[in-house]
Amino acid sequence: MQDSHIELPPEIAARLIQGHDANGQPVGPWHLTALAGAGAITSTAADLANFMQAQFDESSPLAGSLAWMRERQPTGMTAIGSMIPQVQDRFVGSSAIRWHDGQVNGYCAYLSVDPTHKTAVAVLINQQKDASFPGFLLTWLVRTQSW
């Protein structure tokens, strides 16, 4: 993952797609230096695809850590960095899926990983529009369709 950063080098920042607010107006990115873990990571689609593929590579030296991060925490409805399936997920049979979504100024994202079916979905939007529902729907479609 060579193009994932917290502080963007100028050559990477020049490639960043313009973000927009909910009304479609251009906005600048947030700079979350004190709270970098809350949304400062910027990545490319290729790096995100590598991250999703790594979730299923059992020969990777990261396999144990990635699996451990998907385990439910002793309290609450979360794993490390992702959510545990809620009622809507279990209703459509998605009990193994781990997902996370988020918004920062001008951008929204959703990522789900299904270790049982070895599928992953990412939805990236360059506007402040919730990505959760399209992500949930695509996750369900990918899991239930025969390709």
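The structure we're discussing is the one just above.
Predicted, not measured: the structure shown is a model, and the values here were computed from it.

A. Spotlight on the overall build of the protein. Of the regular secondary structure elements, the protein holds five helices and five strands. In sequence order, the protein lays out its α and β elements as α-β-β-α-α-α-β-β-β-α. Its C-alpha atoms give the protein a radius of gyration of 16 Å, near enough to 15 Å, the size a compact globule of 147 residues would have. Structurally, the protein occupies a C-alpha span of about 40 × 35 × 35 Å along its principal axes. Per-residue burial for the protein yields a buried fraction of 30% across its 147 residues. Considering only residue pairs separated by 6 or more positions, the protein has 42% of its internal contacts joining residues 24 or more positions apart. Here the protein has roughly 9,300 Å² of accessible surface; of this, 60% comes from carbon and sulfur atoms. Counting 8 positive and 12 negative side-chain charges, the protein places the averaged centre of each group 10 Å from the other.

B. Molecular detail of helix H5 (residues 132–144). When the terminal C-alpha atoms of H5 are compared, their 18 Å separation across 13 residues agrees well with the 18 Å that a helix rising 1.5 Å per residue should span. Against strand S3 (98–104), strand S4 (107–114) and strand S5 (119–125) lie the buried residues of H5.

C. Looking closely at the pattern of salt bridges. Enumeration over the complete set of coordinates arrives at two salt bridges. Between Asp3 and Arg15 there is a salt bridge; the shortest N-O distance is 3.4 Å. Of this pair, Asp3 sits in the segment before helix H1 (10–13) while Arg15 is found in the loop between H1 and strand S1 (19–20), placing the two residues twelve residues apart along the sequence. Looking at Asp3, the relative accessible area reads 23%, which means it is partly exposed.

D. Representation of the sheet that holds S3. As summarised here, the arrangement of the three strands in space is S3-S4-S5, forming an open sheet in which the pairing is antiparallel. Edge positions in the open sheet fall to S3 and S5, since each of these has one partner strand only. Here the average twist between neighbouring strands, direction ignored, is 5 degrees. Relative to S5, S4 runs antiparallel, the two sharing seven bridges. Paired with Leu111 across the two strands is Ala122, which belongs to S5. Across the sheet, helix H2 (residues 45–54) is in contact with S4 and S5; its angle to S5 comes to roughly 155 degrees. In the packing of H5 onto the sheet, the strands contacted are S3, S4 and S5, and the crossing angle to S5 comes to about 155 degrees.

E. Quick peek at empty space enclosed by the protein. All told, the structure shown has one cavity of 30 Å³ or more when counted by the stated rule. Each pocket or cavity is described by its volume, and for the largest cavity that value is around 40 Å³. Around the largest cavity sit Ile97, Ser112, Val113, Asp114, Thr119, Ala120, Val121, Thr139 and Val142, which together line it. Secondary-structure elements contributing two or more residues to the lining of the largest cavity are S4, S5 and H5. Of the residues in the lining of the largest cavity, the class split is five nonpolar, three polar and one charged.

F. The arrangement of the pairing of S3 in detail. Sheet analysis places S3 next to S4, joined by seven bridges and oriented antiparallel. Considered in S4, the bridge of Asp101 is made with Tyr110.

Definitions and cut-offs
Residues numbered from 1 in each chain as written. Predicted model: local features only at pLDDT ≥ 70, side-chain atom pairs only at ≥ 80, totals over all residues. Heavy atoms only, no water. Helix = DSSP H or I, 4+ residues; strand = E, 2+ residues; numbered from the N terminus. Rg over C-alpha atoms; globule rule 2.2 N^0.38 Å. Buried < 20%, exposed > 50% of the residue type's maximum accessible area, 1.4 Å probe, protein only. Contact = heavy atoms within 4.5 Å. Areas by Shrake-Rupley, 256 points an atom, 1.4 Å probe, with all protein chains shown as cover. Lys, Arg positive; Asp, Glu negative; His and termini not counted. Charge placed at Lys NZ, Arg CZ, Asp CG, Glu CD. Expected span 1.5 Å × (residues − 1). Salt bridge = Lys/Arg side-chain N within 4 Å of Asp/Glu carboxyl O. Pairing = 2+ DSSP bridges. Axes fitted to C-alpha atoms, helices over the stretch in contact; angles between N-to-C directions. 1 Å grid on protein atoms, 1.4 Å probe; cavity = no way out; pocket = protein on both sides within 12 Å on 5 of 7 lines; lining within 4 Å. Points joined across faces, edges and corners; volume = space filled by probe spheres on them. Nonpolar A, V, L, I, M, F, W, Y, C, P; charged D, E, K, R; others polar.

Function cannot be inferred from these measures alone, as they are strictly geometric.
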